[in-house]
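Listed below are the residues making up each chain.
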Amino acid sequence: MDAVRGAALVVASWSRLAWLPALCWSALALGAPGSELSIDARAADSPTGEPPFTDDRPDLVLLMLDDWGWRDAGFMGSRFYSTPHMDALAREGLVYEHAYAAAPNCAPSRASLLTGRWTPEHGILTVNSPARGKKGTRRLLLPESRRHLDDGTWTFAMALQELGYATAHVGKWHVSEDPGGHGFDSNFAGGRWGHPPEGYEAPHGLPGTEEAPAGSWLTDLEGDAAIEMLAGAGDRPLFLHWASYAVHTPIQAARGDVAPFLGRPADGGQRNAKYAGMIAAADRQLGRLRAAHAASGRKRPLVIVLTSDNGGLAPITSMEPLTGWKGMLREGGIRVPLVVHGAAWATPGSRSQEPVHHLDLAPTLLALGGAEPVSGLEGRDLARSHEEPRSLYWHFPCYLEGRGFDGDAWRMRPGGALRRGRWKLHQDFESGRLRLFDLVEDPGERTDLAADEPQLTKHLEDDLAAWRERVGAQLPPGPDPGFIAEPVRRSR
Ligand SMILES: [Ca+2]
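Summarised in this report is the structure supplied together with it. (Residues numbered from 1 in each chain as written. Predicted model: local features only at pLDDT ≥ 70, side-chain atom pairs only at ≥ 80, totals over all residues.)

## Focus: the pairing of strand β15 (residues 415-420)
A large share of β15 lies buried, amounting to five of its six residues. Strand direction decides the pairing type here: strand β14 (residues 391-396) and β15, joined by six bridges, are antiparallel. Residue pairing for β15: Phe 396 is matched across the bridge by Gly 415. Relative to strand β16 (residues 423-428), β15 runs antiparallel, the two sharing six bridges. Within β16, the residue paired with Gly 415 across the bridge is Asp 428. Remark: two residues form the turn of the hairpin made by β15 and β16, two consecutive strands paired antiparallel; Gly 421 in that turn has positive phi of roughly 60°. (Buried ≥ 20, exposed ≤ 12 C-beta atoms within 10 Å, placed from the backbone. Helix = DSSP H or I, 4+ residues; strand = E, 2+ residues; numbered from the N terminus. Pairing = 2+ DSSP bridges.)

This is how it looks when you write it as structure tokens:
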């Protein structure tokens, strides 16, 4: 990998925010469309002519892999993949075993994480059109789904920027044309693309990789860029949003990364050596970043959050005992790994079964960055203990083609879901059918308890409907008059 370290990475200039003499440490008002969000700094003293960034706030790294499944790491139970650096992070940090993405596919999930908003609030409900699959095969008309966030849409990166953080994006962006419109000072490889358009081996066709030498691999270049961002932050604390292109399709990895997995026995549906090589490459870059931070002389502590934007893609990987995969509201589509490392409250070696959500990351990272609680965000600061139960919601009024669960002709039909405590409710918008699962007893969502628990089912259905009303979620407006016939069911 040394060959790529000398690559001339073109990283956008830090100069725009090299100095923020006018930064006001009190009551920074940050406008967000349709809401009043205000940020107050709490960690730093008022500037008195001294450089304003002499505080001890941590560097914040959010490392999010793409389509990285819930069991795609040793610390999540895989015996096929090899993730020593992630496993060390998990051992030294807090693992949330019931963590959820806001959506079962890329762009809506990412838009929610960045804005702290439910998908109906920012309007990106799926990737591309909600009416996917062949014409004439969809039973319902569908509400509109936005492709991108508008430039200037509030993200918590903007708030961290206002609080004096150097803000850097590395990797896949996918929610607009340019991270620069959403609070990032610098960008490596991010844009509208949902996967590397030219593949993982150079040339990549992504901004910042133009001079990457032949034979270099994108995940390694991301690691180089991340380390460069660290150096570029100077005296300021850094927020690094490292949304790696790995491990999204195309499934490609360097020969040396694949070799250790060739011939390794399959384990619980995990058997793809190239995919294992992609995970190994990402794991190695995490290790490099931690080593670089330790060697950098930076006095700041480092907080790392490690997660994925949605479930893994079958049949490339398996989330067993969870069922379903990327694109579904079944657990395998939305439950993701989540580790918090380096925060005072993230007790080393601890594991939590509390249901948590990517909407929690904006308030959590803002608090670590010195912001007062932000009104208008529904997520919870994970630093605080929360006794009171809450519901988590998903809204996916969309069709997704592809390999469905249990032979279904669709990967996903229009529907919604709710998690509250141990319970998970699914609502199918085509039939109105409700299904209820006890995720503690039945993590694979195989035994429908709706008929056994009618009162609970009705209560959760009402809860989901009230949430839709509150956030302006649109239901399918009616039957599709162009419907002819469903696609043929696939055998499993
Ligand atoms: Ca994804």
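## Points about unusual backbone geometry
A cis amide bond links Thr 249 with the next residue in sequence, Pro 250, at an omega value of 5°. Residue Pro 315 is reached from Ala 314 by a cis peptide bond, and omega for that bond is 5°. Within the secondary structure layout, Pro 315 lies in the loop between β9 (302-308) and α9 (331-334). Positive phi, normally seen in glycine, also occurs at Asp 67, with a value near 60°. Tracing the chain through its elements places Asp 67 in the loop between β3 (59-65) and α2 (84-91). The phi torsion at Asn 128 lies on the positive side, around 65°, for a residue other than glycine. In this structure, Asn 128 sits in the loop between α4 (119-122) and α5 (156-162). For Asn 128, a count of 12 C-beta atoms within 10 Å puts it in the exposed group.

## What to know about the packing of helix α6 (residues 218-232) against helix α8 (residues 273-295)
It is the contact of α6 with α8, at a shortest axis distance of 9 Å, that shows an interaxial angle of 20°. When the axis of α6 is compared with that of α8, the two are roughly parallel. In terms of crossing hand, the pair formed by α6 and α8 is right-handed. Contacts between α6 and α8 involve Thr 219, Asp 220, Glu 222, Gly 223, Ala 226, Ile 227 and Leu 230 from the former and Ala 281, Ala 282, Gln 285, Arg 288, Leu 289, Ala 292 and His 293 from the latter. Across the contact of α6 with α8, the residue classes break down as seven nonpolar, four polar and three charged. (Axes fitted to C-alpha atoms, helices over the stretch in contact; angles between N-to-C directions. Parallel < 35°, antiparallel > 145°, perpendicular 65-115°, else oblique. Left-handed = near helix turned anticlockwise from the far one by under 90°. Contact = placed C-beta atoms within 7 Å. Nonpolar A, V, L, I, M, F, W, Y, C, P; charged D, E, K, R; others polar.)

## Things to note about the sheet that holds strand β4 (residues 94-96)
Spatially, eight strands are ordered β7-β6-β8-β3-β9-β11-β4-β12 in an open sheet, and the strand pairing comes out mixed. If you trace the sheet from one side to the other, it starts and ends with β7 (186-188) and β12 (350-352), each paired once. Averaged over neighbouring strand pairs, the angle between their axes works out to 15° when direction is ignored. Sheet topology note: the β4/β12 ladder contains three bridges and is parallel. Within the sheet, the bridge partner assigned to Tyr 96 lies in β12 and is Ser 352. Those strands touched by α6 are β6 (166-171), β7 and β8 (238-243), and its axis lies near 175° from that of β6.

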